[in-house]
Amino acid sequence: MPPQYRQAGPDNPSRKVITHVCGIVGYAGAHPALPFLLEGLERLEYRGYDSAGVALVESEGVYVEKAAGRLSSLVAVVDKSRPAHVGIGHTRWATHGPPTDDNAHPHTDCAGRVAAIHNGIIENYRELRAELEKSGHVFSSETDTEVIPHLLEAGEGHSLGERALYARGRLEGAYAFLAVSADEPDAVVAVRQASPLVLGLGDTGNYLASDITALLPYTREVMILDNGEMAVVTGRGVEIRDAAGLVVDRTASHIEWTTEEASRGGYPHFMLKEIMEQPDAWADCLRGRIGADGAVILEELGLRPGDLERVLRVQLIAAGTAYHACLMAQRWLEEWARVPVRVDVASEFRYQHPILSPGTVVVAVSQSGETADTLASVALAKDAGFPVWAVTNVVGSTLAREVHRVLYTRAGPEVSVCSTKAYTTQLLVLALLADALADVHRPEPRSSVIPHLQSLPALGAAWLRERRDLGASVARVAAAPSVFYIGRGLDYAVALEGQLKLKEISYIHAEAYPAGELKHGTLALIEPGVPVVAVATSAALMPKVRSNIMEVRARGGSVLAVVPESLADEMQDLADAIITIPATDERVAPVLAALPLQLLAYDVATALDRDVDKPRNLAKSVTVE
Ligand code: AGP
């Protein structure tokens, strides 16, 4: 395939611009708004962002200042003498789309009298934008967000609250937005539809934020907006209306968290927070990528008819956890699409004079998009004239800029060095890619994997809500000098990731093997009490895995089995402990199996009092060779 793909960048109209996991703050009260807005945004910095902005309401219009880059860039340019008592502020973390001044929030209407900020995804923004442009509205950014101030402008003559309700009725997707208008200079309106939004009640004013962290120095009395609700916030009070427009009577809750706890959403570590965020991250990752007919839409690849048919081979390149995601993807791609796949560790690929045959697409997978070995491998593949795509979590990363096309994982900022939500969203993106390739390479009727992918967020959320107690298994693993992980097929790929999690944050030696491989050497290390984590999500492979577990048991090994509820009986007589995951299609069950493996590593590391989020000797981005 010739290198016909256009560089990902602002000149490419086909890419979908999405911002989410942004930071939102708002204030209406007796004090000037700007100091709170800037401090609130600073408190949200830990979430990661690539641009920032504020809007202050003044009688002659709305003063807006915004800047790409760090908050300090905004602080340098914002007019600090503005006395406005009502305002909104935003830090944008773009998961798709360039972090520029123009794309930074707030966005305004045509007259500059309405400003809005937003967190989430407006799925029908293209249609809305076309409709608004047709009726004369002029847009100045590429974001989905900008439809909001224009929708509010369209409702001129009505109160800001009524206009917000109108906008809520028109917007589709998962989002939260705040808006202000020079026509109602004492109010901020807020709408929540699946993205978090908190109201803070103070003595001298009322606050809004996407995250309690921003509010804590000012108030500990908060109200959480529910889905579909709209609030009008002034210095005098707060009025909340439900999806039907009826006034909601809500009592405030008192928050006891320390600021540090709040920045982790109340969790003791970022890793646990990020584990728990996975179902939402999965939903975000899939959003807009599956059509009503169940077909995969990978708009960002800018594919033309015949492009996928011309993909004859896939070369996957990555490091660490991302490499493990690739090993899972290899099995999906080969089995579903029958397209041959090679997977290489980036640090090896770059020095092994790889043979890339015509028709190969190179896919580099990296959470950070900054891993030196992955970038060097990409440069090599590009120099050889091959199309290179990336799967990454960070918009504007070096990888995103270097490759021909990017698929973003939309996991949101991952702070813990130990990757969790980035891994599982990499799996989902790669599964979508595999399904899209299967559609063209194996058009014969087959049972679709798509509904099963779509059910993962709900299944994962239900499992995490119950948060199984891994009790005795944690103690056994924490006391062991060595732990082995086994699995077959997809389960081997997820076992590899499980052992890396344990090793990385507990410092316990761990290794993963294809279950059938133990007897070729490693079985010599199994003696009484040695923990073996067996992942077994496939009914077809179950008899084989059972035999391998028996080999372990015969040597006194202590087996912790991770199985779907539907296969739990198979393990009753065999395993020392069983963790069940929800029953689902075997093709995607290992994504759910990643959850207990992550939690096992986390629980062991905390039992051993390790520095979970910053394990020794490791960095979040490995930018050196
Ligand atoms: C995972 O927990 C690790 N921190 C590590 O293996 C990581 O996945 C690897 O360094 C690759 O990073 P990347 O995805 O940012 O390229």
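Here the structure is a predicted model, which is why all the values come from computation and not from measurement.

J.: Before we move on, can you summarise the pattern of salt bridges with the specific residues and values?
T.: When their charged atoms lie close together, side chains carrying opposite charge are able to pair. If you walk through the whole model with that rule in mind, you get 32 salt bridges. Between Arg126 and Glu299 there is a salt bridge whose closest N-O contact spans 3.3 Å. On the criterion of sequence distance, the pair formed by Arg126 in helix α3 (residues 125-134) and Glu299 in the loop between α8 (278-286) and β18 (313-318) is long-range, its members being 173 residues apart. You can call Glu299 partly exposed: its relative accessible area is 30%. Connected through shared salt-bridge partners, Glu58, Asp79 and Arg82 make up one network.

J.: Outline the sheet that holds strand β17 (residues 253-254), supporting the account with residue identities and numerical values.
T.: Here we have eight strands laid out as an open sheet, ordered β4-β3-β5-β2-β12-β11-β13-β17, and antiparallel in their pairing. Each of the sheet's edge strands pairs with one partner strand only, and the pair in question is β4 (61-68) and β17. Pairing between strand β11 (residues 198-201) and strand β12 (residues 205-209): four bridges, direction antiparallel. Within β12, the residue paired with Gly200 across the bridge is Tyr207. Against the sheet, helix α1 (residues 33-43) engages β2 (23-29), β3 (51-58), β5 (86-92) and β12, with an angle of about 160° to β2.

J.: Any chance you could break down helix α17 (residues 542-554) for me, citing the residues and the numbers?
T.: Between its first and last C-alpha, α17 extends 18 Å over 13 residues, near the 18 Å set by a 1.5 Å rise per residue. Residues of α17 that are buried make contact with β23 (482-487), β25 (531-535), β26 (558-564) and α18 (569-572). Just beyond α17, the residue with positive phi is Gly556, at close to 90°.

J.: So what about the domain arrangement of the protein? Which residues, and what values?
T.: Each domain of the protein was delimited in the assignment, giving domain 1 (23-258), domain 2 (272-464) and domain 3 (468-607). Taken together, the contact between domain 2 and domain 3 spans 31 residues of the former and 31 residues of the latter. The interface formed by domain 2 and domain 3 holds zero salt bridges in total. Secondary-structure elements contributing two or more residues to the side of domain 2 that touches domain 3 are α7 (270-276), α8, α9 (320-337), α13 (421-441) and α14 (450-466). The class makeup of the residues in the side of domain 2 that touches domain 3 is 18 nonpolar, 12 polar and one charged.

J.: How would you summarise the packing of aromatic side chains if you had to cite specific residues and measurements?
T.: Here the distance between the centres and the angle between the planes together describe a pair of aromatic rings. What the rule picks out here adds up to eight aromatic pairs. Taking the centre distance of 5.3 Å and the plane angle of 45° together, the rings of Tyr207 and Tyr218 count as tilted. Here the residue Tyr207 occupies a position in strand β12, and Tyr218 occupies one in the loop between β12 and β13 (221-224), the gap between them amounting to 11 residues. On the basis of relative accessible area, Tyr207 is assigned to the buried category, the value being 4%. The exposure class assigned to Tyr218 is partly exposed, which follows from its relative accessible area of 29%. Site record: aromatic cluster; members linked through ring pairs are Tyr27, Phe36, Tyr207 and Tyr218. In this structure, Arg82 packs its charged tip against the face of Tyr63, placed 3.8 Å from the ring centre. The cationic tip of Arg616 hangs over the ring face of Tyr507; the distance from NZ or CZ to the ring centre is 3.9 Å.

J.: Tell me what's going on with the site of the ligand, and back it up with residues and numbers.
T.: Close contacts around the ligand come from 15 residues, with Ser366, Gln367, Ser368, Thr371 and Glu504 the closest. Between the ligand and Thr321 there is a distance of 3.1 Å, counted from an oxygen atom to a backbone nitrogen or oxygen. Here Ser368 contributes a side-chain N or O atom positioned 2.6 Å from an oxygen atom of the ligand. Sorting the residues of the shell around the ligand by element identifies α9 and α16 (490-506) as the ones contributing at least two each. Classifying every residue of the shell around the ligand by side-chain character gives six nonpolar, seven polar and two charged. Summarising the domain contributions, the shell around the ligand has at least three residues from each of domain 2 (272-464) and domain 3 (468-607).

J.: I'd love a proper account of the packing of α13 against helix α19 (residues 589-607), names of residues and values included.
T.: In a packed pair of helices, the relevant descriptors are the angle between the two axes and the axis-to-axis distance. Their axes nearest at 10 Å, the elements α13 and α19 cross at an angle of 170°. The pairing of α13 with α19 is recorded here as roughly antiparallel in orientation. Here Tyr423, Thr424, Leu427 and Leu428 of α13 lie close against α19, whose contacting residues are Val591, Ala594 and Gln598. Along the lines of polarity and charge, the residues of the contact of α13 with α19 split into five nonpolar, two polar and no charged.

J.: I'd like a rundown of the pairing of β12, residues and numbers included.
T.: Within β12, five of the five residues are buried, which leaves the element mostly enclosed by the surrounding structure. Here β12 shows two buried faces, one formed by Gly205, Tyr207 and Ala209 and the other by Asn206 and Leu208. Taking the residues that link successive antiparallel strands as the turn, the β11-β12 hairpin has three residues.

Definitions and limits used
Residues numbered from 1 in each chain as written. Predicted model: local features only at pLDDT ≥ 70, side-chain atom pairs only at ≥ 80, totals over all residues. Heavy atoms only, no water. Salt bridge = Lys/Arg side-chain N within 4 Å of Asp/Glu carboxyl O. Helix = DSSP H or I, 4+ residues; strand = E, 2+ residues; numbered from the N terminus. Buried < 20%, exposed > 50% of the residue type's maximum accessible area, 1.4 Å probe, protein only. Pairing = 2+ DSSP bridges. Contact = heavy atoms within 4.5 Å. Axes fitted to C-alpha atoms, helices over the stretch in contact; angles between N-to-C directions. Expected span 1.5 Å × (residues − 1). Domains from an automatic or database assignment. Nonpolar A, V, L, I, M, F, W, Y, C, P; charged D, E, K, R; others polar. Phe/Tyr/Trp six-rings, centres within 6.5 Å; stacked < 30°, edge-to-face > 60°. Lys NZ or Arg CZ within 6 Å of the ring centre and 35° of its normal. Near = heavy atom within 4 Å. Polar contact = N/O pair within 3.5 Å; in protein donor to acceptor, adjacent residues only side chain to side chain. Parallel < 35°, antiparallel > 145°, perpendicular 65-115°, else oblique.

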